[in-house]
Amino acid sequence: MNRYNSVLVVSALMFAAAAFALVGWRWGDASPAGQASLVSPRSSIVGAAGSSGSIANPQDVPVGQPRGISVTGEAKSTVAPDLALLNIGVESAEATVGRARERAAVAMEAIVSTLRSNGVEDRDIQTTYLNVMPDRRYNKPDGAETVVGYRVNHMVAVKVRNIHTISKVVDDAVIAGGDLARVHGIQFTVNDPNSLYAGLRRQAIEDARAKGEQLANASGVGLGGPIYISEGGAAFPVFRGPPGGKGGDGAQYSTPISPGENEIRLSVQVVYDISY
């Protein structure tokens, strides 16, 4: 073999080695480990309540969204009130603050005395408002302000537990307070509404179950057990009597006061699992 042929053989061998090294590098890059590094994860199993185990994009599942059938169950009941809440007091206006306070105190003491005589206990009489302020008169031409007297307002909240005596309680108190007496509304409610809520909660849960079954049947799925329950609150409307009023004559007539009825409402929020 001459020198020229030797050079050609060596060159061919070097070329073959370089080609083999290049192919080996490409083969290693195409290995499963290399492919895994090039593929970004696009899906995962959604392990939420009610899930069928299908693959879904996590970005398609809103965070915090309840999984299941969400319904609101409602219940209501009508009940006769057994407690009357009365706001009554006096208002006195005199030239001096001392005289205004004295007249208001005498009138209020007379009112409280009649409340006690009608069976209202001291624990059910609570002072809610006491205000002493000057009566001012403004002179329109120059805007000057003049104190022309003083006014005293004194109010108490009264619980009348014997609701059948409410007319007599109001009449006697207004007569005792005379022209200074003021009545600022009557409210009728139930002394222990919590005793009524147990039955309403059962009714609300039954109502929620019925609504959930309707939604499940319409959707072609099964209704599972509850996975979330929250009480939405109870609404207890209070019947209010006519506001305001002043004392005066007319003791021969009894004030007609009708307690009527109250309607109690309660709601629950329930989320049921979905079965397949």
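Residues numbered from 1 in each chain as written. Predicted model: local features only at pLDDT ≥ 70, side-chain atom pairs only at ≥ 80, totals over all residues. Heavy atoms only, no water.

## Description of the overall build of the protein
Let me state the cut-off plainly: Here a strand is any run of E in DSSP of at least two residues, a helix any run of H or I of at least four, and the numbering for each starts at the N terminus. Here's how the labels work: a residue is buried when its accessible area is under 20% of the maximum for its type, exposed when over 50%, partly exposed in between, all with a 1.4 Å probe on protein chains only. Here, two residues are considered to be in contact whenever any of their heavy atoms come within 4.5 Å of each other. Shrake-Rupley sampling with a 1.4 Å probe provides the accessible areas, and residues are treated as covered by the protein chains on show and by no other component.
The helix and strand inventory of the protein stands at five helices and ten strands. Across the 276 residues in the protein, those meeting the buried criterion constitute 28%. Pairs at least 24 apart in sequence give 81% of the contacts found in the protein among residues at least 6 apart. For the protein, the accessible area works out to roughly 17900 Å², and carbon and sulfur atoms hold 55% of it.

## Focus on the sheet that holds strand β10 (residues 262–275)
One key point about sheets: their strands pair by backbone hydrogen bonds, in either a parallel or an antiparallel sense. Test applied: By definition, two strands form a pair when at least two bridges between them are found by DSSP. Axis definition: a line fit to C-alpha positions, over the contact stretch in the case of helices; interaxial angles, taken between N-to-C directions, run 0 to 180 degrees.
With antiparallel pairing, three strands are arranged side by side in an open sheet as β3-β10-β8. Across the chains shown, the open sheet's two edge strands, defined by having one partner strand only, are β3 (69–79) and β8 (222–235). Along the sheet, successive strands turn relative to each other by an average axial angle of 25°, direction set aside. Sheet strands in contact with helix α5 (residues 194–219) are β3, β8 and β10, and its direction is about 145° off that of β3.

## Some words on helix α3 (residues 97–117)
Inclusion rule: In a helix, the anticipated span is given by 1.5 Å times the number of residues less one. It is the directions from the helix axis to the C-beta atoms whose arc is reported.
The terminal C-alpha atoms of α3 lie 30 Å apart, and with 21 residues this matches the ideal 30 Å at 1.5 Å per residue to within 8%. Of the positions making up α3, those classed as buried are Ala100, Ala104, Ala107, Met108, Ile111, Val112, Thr114 and Leu115. Across the axial projection of α3, the buried residues extend over an arc of 155°, all falling on one side. Exposed side chains of α3 directed beyond 90 degrees from the buried face belong to Val106 and Ser117. Residues of α3 that are buried sit in contact with β4 (83–94), β5 (125–138), β6 (145–160), α4 (166–177) and β7 (181–189). Positive phi appears at glycine 119, one or two residues downstream of α3, with a value of about 90°.

## Notes on the pattern of salt bridges
Using the following cut-off: By convention in these notes, a salt bridge is any Lys or Arg side-chain nitrogen within 4 Å of a carboxyl oxygen on Asp or Glu.
Considering all chains together, one arrives at 13 salt bridges under this definition. One salt bridge connects glutamate 121 with arginine 123, and the closest N-O pair in it is separated by 2.7 Å. On the basis of relative accessible area, glutamate 121 is assigned to the partly exposed category, the value being 42%. Using a relative accessible area of 59% as the deciding quantity, one classes arginine 123 as exposed. Between arginine 265 and glutamate 263 there is a salt bridge; the shortest N-O distance is 2.9 Å. For glutamate 263, a relative accessible area of 28% gives the class partly exposed.

## A short note on the nonpolar core
For clarity, the cut-off: Take the buried residues of types Ala, Val, Leu, Ile, Met, Phe, Trp, Tyr and Cys, join any two whose side-chain atoms come within 4.5 Å, and each joined set is a nonpolar core.
Leu86, Ile88, Val90, Ile111, Leu115, Val158 and Val170 are the most contacted members of the largest nonpolar core, which has 29 residues in total. Where this core is concerned, the elements lending two or more residues are β4, α3, β6, α4 and β7. The element that contributes the greatest number of residues to this core is α3, accounting for seven residues. Residues Leu200, Ala208, Ala216 and Ile274 belong to the second largest nonpolar core, which totals 17 residues.

## Here's the deal with the environment of asparagine 162
Checked against the element boundaries, asparagine 162 lands in the loop between β6 and α4. According to the relative accessible area criterion, asparagine 162 is partly exposed, its value standing at 42%. Considered as a pair, asparagine 162 and glycine 119 are 43 residues apart in the sequence and their alpha carbons are 8.2 Å apart.

## Section: the packing of α3 against α4
The angle between the axes and the distance between the axes are what describe a pair of packed helices. Cut-off, in case you're wondering: Should an angle lie under 35 degrees it is considered roughly parallel, over 145 roughly antiparallel, and from 65 to 115 roughly perpendicular; all remaining angles are considered oblique. A crossing counts as left-handed when the near helix is turned anticlockwise from the far one by less than a right angle, and as right-handed when that turn is clockwise.
Packing of α3 against α4 brings their axes to within 8 Å, and their N-to-C directions diverge by 155°. Judged by the angle between their axes, α3 and α4 are roughly antiparallel. Of the two possible hands of crossing, α3 and α4 adopt the one that is right-handed. Where α3 approaches α4, its residues Ala107, Ala110, Ile111, Thr114 and Leu115 are matched on the opposing element by Val169, Asp172, Ala173, Ala176 and Gly177.

## Observations concerning the confidence of the model for the protein
Quick note on the threshold: As a per-residue quantity, pLDDT reports the predictor's confidence and falls between 0 and 100.
Summary statistics for the protein give a mean pLDDT of 78 and a share of 70% for residues scoring 70 or more. Model confidence for the protein, summarised as mean pLDDT per element, is weakest for strand β1 (residues 44–45) at 26 and strongest for α3 at 97. Low pLDDT (under 50) marks residues 18–63, which in the prediction has 28 contacts with non-local residues, meaning those over four places away or in another chain.

## Section: the environment of proline 81
Among the secondary structure elements, proline 81 is positioned in the loop between β3 and β4. For proline 81, a relative accessible area of 9% gives the class buried. Between the C-alpha atoms of proline 81 and glycine 260, which are 179 residues apart in sequence, the distance is 7.5 Å.

## Quick word on the environment of alanine 235
Examined against the element boundaries, alanine 235 turns out to sit in strand β8. With a relative accessible area of 35%, alanine 235 lands in the partly exposed category. Through-space distance from the C-alpha of alanine 235 to that of arginine 265 is 4.9 Å; in sequence the pair is 30 residues apart. Sequence-distant contacts of alanine 235, defined by excluding residues within four places in its chain, comprise Glu263, Ile264 and Arg265.

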